[in-house]
Amino acid sequence: MQPKQFVDMPGAPVLGKNKRPVSIDVKDVTIAFPSRGKGVFTAVKNIDLSISKGEIVSIIGHSGCGKSTLMNAVSGMVKPTSGEVIVNGKRVTGPGPDRGIVFQNYSLLPWLTVYQNVYQAVDAVMPAKTAAEKRELVERNLTMVNLYQHRDKLPSQLSGGMKQRTAIARAFAINPSVLLLDEPFGALDALTKGSMHIELLKLWNLDHREKTIIMVTHDIEEAIFLSDRVVVMNDGPAATIREIVDIPLARPRNKKAIIHLPAYMAVHDRLLSLLTQSFSIEDEGVEYQE
Ligand SMILES: Nc1ncnc2c1ncn2[C@@H]1O[C@H](COP(=O)(O)OP(=O)(O)OP(=O)(O)O)[C@@H](O)[C@H]1O
């Protein structure tokens, strides 16, 4: 499927490199937190990142480098110390229904059931829908993540993976134009993780590939399979973007087939070496003594 082309004309949206309108524009963003007795701690510094409508971009980097902080600046939950984030042409000043978020810690309301957690979000974001429409939306999304039969359970009665799937169903149900996924599949077993990848891409395809998705992950294979570009962060403090790696693999992608492609191996190698450079120990030729 080819992306829609937009013409250059007065009032036309700002276009990204791939001729699609810019969906998310992170402009020279620095985020510092007050640090007790030590002034401030700068988590990320001078981040510039422009993401087009319909792009899937992953952010990877070592633990604590500022991936979630950057994501939270896009979600509106963290305010940049300097710089700004523009989403769909508007400066971000707080969270909004145009951005659906799935956190690594689920963020479910513990006193509501699985069904109610999803329904509550749909109800808040889509008040104009009838109760029947809202129920249909909730049921469809719970079925998608295979939780319909567990709909009456409370979060405390769920496994980590089930909680995460509830959070995913909730984010999908409100159908935001921007989906922010912070290690969304980290707690899932390999099989469930694989089927959630497919569901995510199905949803993106059904929406004519117009939903913009940013995903934080530690998983290189997941990042390559899902993304158009992978942003590799430097280690903090004051982390910057180390490199943005394009994933030159045509869609739809077949997980089993792509791993044999030279392009896949090249980006995999590149990402692995970017992530391991600062840690690598040269152990070739070292003689071990017993
Ligand atoms: N509210 C806060 N107050 C103070 N420091 C913070 C705050 N939020 C994040 N930090 C610090 O900013 C840095 C980046 O944290 P962040 O959670 O963004 O990292 P991350 O790359 O997402 O890590 P991980 O991969 O382990 O989830 C860390 O040193 C963290 O301690």
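Residues numbered from 1 in each chain as written. Predicted model: local features only at pLDDT ≥ 70, side-chain atom pairs only at ≥ 80, totals over all residues.

Going by what an unreviewed UniProt entry lists, the protein chain is known as Sulfate ABC transporter ATP-binding protein and is assigned to Arsenicibacter rosenii. Entered under Subcellular location (unreviewed entry) in the UniProt record, the comment concerning the protein chain runs "Cell membrane". (UniProt positions renumbered as here; feature names shortened; annotations may be inferred.)

Enquirer: Where do I start with the overall build of the protein chain in this structure?
Expert: Each helix and strand in the protein chain was counted, giving 8 helices and 10 strands. Every one of the 290 residues in the protein chain was classed for burial, and the buried ones make up 37%. Pairs at least 24 apart in sequence give 66% of the contacts found in the protein chain among residues at least 6 apart. (Helix = DSSP H or I, 4+ residues; strand = E, 2+ residues; numbered from the N terminus. Buried ≥ 20, exposed ≤ 12 C-beta atoms within 10 Å, placed from the backbone. Contact = placed C-beta atoms within 7 Å.)

Enquirer: Sorry, what's going on with the packing of helix α3 (residues 131-144) against helix α4 (residues 160-173) here?
Expert: Packed helices, taken two at a time, are described by the angle between their axes plus the distance between the axes. It is the contact of α3 with α4, at a shortest axis distance of 9 Å, that shows an interaxial angle of 135°. Here α4 runs oblique to α3, going by the angle between their axes. As for how α3 packs across α4, the hand of that crossing is right-handed. Of the residues in α4, those touching α3 at Leu137, Val138, Asn141, Leu142 and Met144 are Ala169, Phe172 and Ala173. Of the residues in the contact of α3 with α4, the class split is 7 nonpolar, 1 polar and no charged. (Axes fitted to C-alpha atoms, helices over the stretch in contact; angles between N-to-C directions. Parallel < 35°, antiparallel > 145°, perpendicular 65-115°, else oblique. Left-handed = near helix turned anticlockwise from the far one by under 90°. Nonpolar A, V, L, I, M, F, W, Y, C, P; charged D, E, K, R; others polar.)

Enquirer: Would you take a moment to explain the pairing of strand β2 (residues 40-52) for this structure?
Expert: Sheet faces and side chains relate simply in a regular strand, where the side chains alternate between the two faces. Strand direction decides the pairing type here: strand β1 (residues 22-34) and β2, joined by 9 bridges, are antiparallel. Following the sheet pairing, Ile31 is matched in β2 by Val44. Here β1 hands over to β2 after 5 residues, with Gly37 in that stretch at a positive phi of 75°. (Pairing = 2+ DSSP bridges.)

Enquirer: Please explain the environment of Arg140 as it appears in this structure.
Expert: By the element assignment, Arg140 lies in helix α3. The spatial distance from the C-alpha of Arg140 to the C-alpha of Ala169 is 8.9 Å, given a sequence separation of 29 residues.

Enquirer: Would you explain the sheet that holds β1 in this entry?
Expert: As summarised here, the arrangement of the 4 strands in space is β2-β1-β4-β5, forming an open sheet in which the pairing is antiparallel. Every interior strand has two partners, whereas the edge strands, β2 and β5 (90-91), have only one. Sitting on the sheet, helix α1 (residues 67-75) is in contact with β1, β2 and β4 (82-87), with an inclination near 120° to β1.

Enquirer: In this structure, what is going on with the site of the ligand? I would like to understand it.
Expert: Around the ligand, the neighbouring residues are Phe33, Phe41, Ala43, Gly61, Ser63, Gly64, Cys65, Gly66, Lys67, Ser68, Thr69 and Gly236. Where the shell around the ligand is concerned, the elements lending two or more residues are β2 and α1. Considering each element in turn, the shell around the ligand owes the most residues, 3 residues, to α1. Broken down by class, the residue content of the shell around the ligand amounts to 4 nonpolar, 7 polar and 1 charged. (Near = placed C-beta within 6 Å.)

Enquirer: What should I look at first to understand unusual backbone geometry in this one?
Expert: Glycine aside, a negative phi is what most residues show, and trans is what most peptide bonds show. Residue Pro237 is bonded to the preceding Gly236 through a cis peptide linkage, with omega at -5°. For the bond from Arg251 to Pro252, the omega torsion is -5°, close enough to zero to count as cis. Located in the positive-phi region is Asp28, a residue other than glycine, with phi close to 45°. Take Asp28: it is sitting in strand β1. Among the residues examined, Asp28 registers 12 C-beta atoms within 10 Å and is labelled exposed. Phi at Asn175 takes a positive value of approximately 45°, unusual for a residue other than glycine. When you line up the elements, Asn175 lands in the loop between α4 and β7 (178-182).

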